[in-house]
Amino acid sequence: RITPWHLRRGYGIERIEVRGAEVLQRLCREGHGVLLAPNHCRMTDALVLQSLANEASQPFYLMASSHLFRGRRWMAWMLRRMGAFSVYREGVDRQAIQKAVDIPAAGRRPLVIFPEGALSQANDRLQTLQEGASFIARAAAAKLRKSEQPRDAARRVYALPVAIR
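About the thresholds
- Residues numbered from 1 in each chain as written.
- Predicted model: local features only at pLDDT ≥ 70, side-chain atom pairs only at ≥ 80, totals over all residues.
- Heavy atoms only, no water.
- Helix = DSSP H or I, 4+ residues; strand = E, 2+ residues; numbered from the N terminus.
- Areas by Shrake-Rupley, 256 points an atom, 1.4 Å probe, with all protein chains shown as cover.
- Pairing = 2+ DSSP bridges.
- Contact = heavy atoms within 4.5 Å.
- Axes fitted to C-alpha atoms, helices over the stretch in contact; angles between N-to-C directions.
- Parallel < 35°, antiparallel > 145°, perpendicular 65-115°, else oblique.
- Left-handed = near helix turned anticlockwise from the far one by under 90°.
- Nonpolar A, V, L, I, M, F, W, Y, C, P; charged D, E, K, R; others polar.
- Core = buried A, V, L, I, M, F, W, Y, C linked by side-chain atoms within 4.5 Å.
- Buried < 20%, exposed > 50% of the residue type's maximum accessible area, 1.4 Å probe, protein only.
- Polar contact = N/O pair within 3.5 Å; in protein donor to acceptor, adjacent residues only side chain to side chain.
- Salt bridge = Lys/Arg side-chain N within 4 Å of Asp/Glu carboxyl O.
- Phe/Tyr/Trp six-rings, centres within 6.5 Å; stacked < 30°, edge-to-face > 60°.
- Lys NZ or Arg CZ within 6 Å of the ring centre and 35° of its normal.

A. Representation of the overall build of the protein within the structure. Each helix and strand counted, the protein has 7 helices and 5 strands in total. Order of helices (α) and strands (β) in the protein, N terminus to C terminus: α-α-β-α-β-α-α-β-α-β-α-β. Taken along the three principal axes of its C-alpha coordinates, the protein extends 50 × 35 × 30 Å. Per element, the accessible surface of the protein, about 10400 Å² overall, is 50% carbon and sulfur.

Here is the structure:
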């Protein structure tokens with residue numbers, strides 16, 4: 001797989017290898033809700049995940065810290081182009097949480113949440129996982145169970161771990 005020029009030149013990422021895209025494709029094709037839970041060891045992780053999105057032919061939504069949208073304008077623009085929406089991590093952002101629950105419950109596009117909550121700087125081991133990703137997956141599954149749509153009877157919400165090295 002060819003690494004995009006900006007990742008190679010700007011960040012030293014020489015190779016991106018995507019494995020398991022067919023599992024993601026199948027779940028999305030069947031209409032299941034998908035929450036992708038990658039580790040978070042570099043600022044470029046969201047960009048690297050675009051290779052998985054391309055391989056699976058499936059765009060993602062990303063939950064990103066609100067401070068990233070308040071910085072440089074081009075960064076906010078790029079994040080929005082990638083399907084990101086902001087969450088205020090220092091408090092309770094009910095609107096962002098509700099949006100995050102609605103996305104997998106709808107089953108149209110996968111949602112990416114970094115369960116470590118912030119950059120870990122530890123590529124070979126996970127830091128303590130925050131409760132947000134599991135809460136959102138459980139809440140989306142509960143919302144799906146409560147739905148009275150016949151289409152939703154066979155649908156599930158899947159949380160898929162993703163490793164970035």
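Read on, since the account is not over.
B. Fine view of the sheet that holds strand β3 (residues 84–87). Pairing is parallel across the open sheet formed by 5 strands, whose spatial order is β3-β2-β4-β1-β5. The sheet is open, and its two edges are formed by β3 and β5 (157–162), each paired on a single side. Relative to β5, strand β1 (residues 33–38) runs parallel, the two sharing 6 bridges. When the sheet's bridge partners are listed, Val-34 is paired in β5 with Tyr-158. Here helix α2 (residues 21–29) sits on the sheet in contact with β1 and β5, set at roughly 150° to β1. Contacting β1, β2 (61–65), β3, β4 (111–112) and β5, helix α6 (residues 94–106) crosses the sheet at an angle of about 140° to β3.

C. Main features of the packing of α2 against helix α3 (residues 45–56). Direction vectors running N to C along α2 and α3 enclose 60°, while the axes themselves pass 9 Å from each other. It follows that α2 is oblique to α3 by the angle criterion. α3 is crossed by α2, and the crossing has right-handed handedness. Note on element contacts: α3 touches α2 through Leu-52, Glu-55 and Ala-56, opposite Ala-21, Leu-24 and Gln-25. When the residues that make up the contact of α2 with α3 are grouped by side-chain class, the tally is 4 nonpolar, 1 polar and 1 charged.

D. The arrangement of the nonpolar core in detail. Judged by nonpolar contacts, the single largest core of 31 residues is most densely connected at Leu-24, Leu-36, Leu-49 and Phe-60. Elements supplying a minimum of two residues to this core: α2, β1, α3, β2, α4 (67–70), α5 (73–81) and β5. The biggest single contributor to this core is α3, with 7 residues. The contact partners of Leu-36, leaving out residues within four places of it in the chain, are Leu-24, Leu-52, Phe-60, Pro-110, Leu-111, Val-112, Ile-113, Leu-160 and Val-162.

E. How the structure looks around the side chain of Asn-39. For Asn-39, the position within the fold is in the loop between β1 and α3. Polar contacts involving the side chain of Asn-39 include one to the main-chain amide nitrogen of Ile-164, which spans 2.6 Å.

F. A look at the pattern of salt bridges. Per the counting criterion, the structure on display carries 4 salt bridges. Of the charged contacts in the structure, one is a salt bridge between Glu-17 and Arg-15, with a shortest N-O distance of 2.8 Å. Looking at Arg-15, the relative accessible area reads 60%, which means it is exposed. A salt bridge links Lys-143 to Asp-102; the nearest nitrogen and oxygen atoms lie 2.3 Å apart.

G. Molecular detail of the packing of aromatic side chains. With the rule as written, the count across this model stands at 0 aromatic pairs. Above the ring of Tyr-61, the side-chain terminus of Arg-109 is found at 4.0 Å from the ring centroid.

H. Broad picture of the environment of Thr-44. Mapped onto the elements of the fold, Thr-44 is located in the loop between β1 and α3. Taking relative accessible area as the criterion, Thr-44 reaches 3% and is therefore assigned buried. Linking Thr-44 and Tyr-11, residues 33 residues apart in sequence, is a C-alpha distance of 7.8 Å. Sequence-distant contacts of Thr-44, defined by excluding residues within four places in its chain, comprise Leu-7, Tyr-11 and Ile-13.

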